[in-house]
Amino acid sequence: MIRTIGVVGAGTMGSGIAQVAARAGLNVVMRDINDDFLKRGFATIDKSLQRDVEKDRLTVEDKQAIIGRIHATTSLDDLRESDFAVEAVNEDLSIKSDIFRQLDRIARPGVILASNTSSISITKLAALTSRPEFFIGMHFMNPVPVMKLVEIIRGVATSDATYEATRQLGEAMGKISVEVNDSPGFVSNRVVMPMINEAVFALYEGVGTAEAIDEVMKLGMNHPMGPLQLADFIGLDVCLAIMNVLYDGFDDSKYRPCPLLKKYVDAGWLGRKTGRGFYRY
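Bear in mind that the values here come from a model prediction, so they are computed numbers and not experimental data.

A. Representation of helix H4 (residues 93-106). Taking 1.5 Å of rise per residue, the 14 residues of H4 would be expected to cover 20 Å, and the 20 Å separating its terminal C-alpha atoms lies within 8% of that figure. Where the residues of H4 are buried, they touch strand E1 (4-8), strand E4 (84-87), strand E5 (112-115), helix H5 (122-126) and strand E6 (135-140).

B. Structural detail: the packing of helix H1 (residues 12-23) against helix H2 (residues 35-54). For the pair H1 and H2, the least separation of the axes is 9 Å and the interaxial angle reads 50°. The pairing of H1 with H2 is recorded here as oblique in orientation. For H1 against H2, the interelement crossing comes out right-handed. Each of Ser15, Ala18, Gln19 and Arg23 in H1 lies in contact with H2, whose residues at this interface are Gly41, Thr44, Ile45, Ser48, Leu49 and Asp52. Here the residues of the contact of H1 with H2 are counted per class, giving 3 nonpolar, 5 polar and 2 charged.

C. Summary view of the packing of aromatic side chains. All told, the structure shown has 5 aromatic pairs when counted by the stated rule. With a centroid separation of 6.4 Å and an interplanar angle of 65°, the aromatic rings of Phe201 and Tyr204 are classed as edge-to-face. Of this pair, Phe201 and Tyr204 are both found in helix H7 (residues 188-204), 3 residues apart, which corresponds to roughly one turn of the helix. When its relative accessible area of 45% is taken as the criterion, Tyr204 is described as partly exposed. The ring of Trp269 carries Arg276 above its face, with NZ or CZ at 3.5 Å from the centroid.

D. Examining the packing of helix H9 (residues 227-234) against helix H10 (residues 236-250) more closely. One can describe the packing of H9 onto H10 by two numbers: an axis separation of 6 Å at closest approach and a directional angle of 100°. The orientation of H9 with respect to H10, classified from their angle, is roughly perpendicular. Listed contacts from H10 to Ala231, Asp232 and Ile234 of H9 are Leu236, Val238 and Cys239. Of the residues assigned to the contact of H9 with H10, the class counts are 5 nonpolar, no polar and 1 charged.

E. Inspection of helix H8 (residues 210-221) at higher detail. Taking 1.5 Å as the rise per residue, H8 with 12 residues should run 16 Å; its terminal C-alpha atoms sit 16 Å apart, in good agreement. Among all positions of H8, only Ala210, Ile213, Asp214 and Met217 are buried. The buried side chains of H8 occupy one side of the element, clustering within an arc of 95° when seen end-on. In H8, the exposed residues that point more than 90 degrees away from the buried face are Leu219 and Gly220. Packing partners of the buried residues in H8 comprise H7 and H9. Of the residues one or two after H8, Asn222 is the one with positive phi, at around 65°.

F. Quick look at the sheet that holds E5. Taken in spatial order, the 8 strands of this open sheet run E3-E2-E1-E4-E5-E6-E7-E8, and their pairing is mixed. Only two strands of the sheet have a single neighbouring strand rather than two, namely strand E3 (70-73) and strand E8 (176-180). Along the sheet, successive strands turn relative to each other by an average axial angle of 25°, direction set aside. Across 5 bridges, E1 lies against strand E2 (residues 27-31) in parallel orientation. Opposite Ile5, over in E2, you have Val28 as the bridge partner. Strands E1, E4, E5 and E6 of the sheet are contacted by H4, whose axis makes an angle of about 170° with E5. Packing against the sheet, helix H6 (residues 160-172) makes contact with E1, E4, E5, E6, strand E7 (149-154) and E8, and its axis sits at approximately 25° to E6.

The rules we used
- Residues numbered from 1 in each chain as written.
- Predicted model: local features only at pLDDT ≥ 70, side-chain atom pairs only at ≥ 80, totals over all residues.
- Heavy atoms only, no water.
- Helix = DSSP H or I, 4+ residues; strand = E, 2+ residues; numbered from the N terminus.
- Expected span 1.5 Å × (residues − 1).
- Contact = heavy atoms within 4.5 Å.
- Axes fitted to C-alpha atoms, helices over the stretch in contact; angles between N-to-C directions.
- Parallel < 35°, antiparallel > 145°, perpendicular 65-115°, else oblique.
- Left-handed = near helix turned anticlockwise from the far one by under 90°.
- Nonpolar A, V, L, I, M, F, W, Y, C, P; charged D, E, K, R; others polar.
- Phe/Tyr/Trp six-rings, centres within 6.5 Å; stacked < 30°, edge-to-face > 60°.
- Buried < 20%, exposed > 50% of the residue type's maximum accessible area, 1.4 Å probe, protein only.
- Lys NZ or Arg CZ within 6 Å of the ring centre and 35° of its normal.
- Arc of directions from axis to C-beta.
- Pairing = 2+ DSSP bridges.

Now the structure itself:
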């Protein structure tokens, strides 16, 4: 039985995962490296739940109970009693590797370790632990409380029991699970990131303005958000990291990140989170 879930990372994805888990009645231990990040995570959760209160989808008492089920910590050791642990930190292999080596030591035998990575090999991450059969990818979509999908990715050693337990957990959290194979970018980012990258190339080559490119895709393809606006929402640093994983993983020039994307990341123009990307915020 999964009663307590550990979440490593209190950023956009981590706080979202913590929120939907607590709303599903699970106890949550949410860990980040300092108290400021944890406070921001709780502020994000509070704001999200308050919208539901204002729309009569949640009572004030329910909101307080959900937040009360989330315990904040700066120590990974506090995840020792978790029945399931999911990592949701930056898309950086070295950072994730360090976390999973520690979690493997801390978590009880048989506890499933999951990564919310959007592109990095689950098999590679699992091999860092002594429990590859209990390792899996659980890729939530942003914003987590709103988006229904969770991609579940098996590593080469992931057991059927681990997959089934993860699928049931996703269902309990109100998500629709889709199983995909371990390949760079999986399905979601293998499809959407090259589209974003091509939109950046169109801007780079002067084919159209950012507004024009996004309007074409919204009005002509019925996308709810244009690709450049979506890139700003995701974070241009994240987009670049995923494109690099695709480029390296497939060794194919069609995944080459656009020079303009690299330039914006070098400038610190990462999108909404920094106030400037392809648009100003």
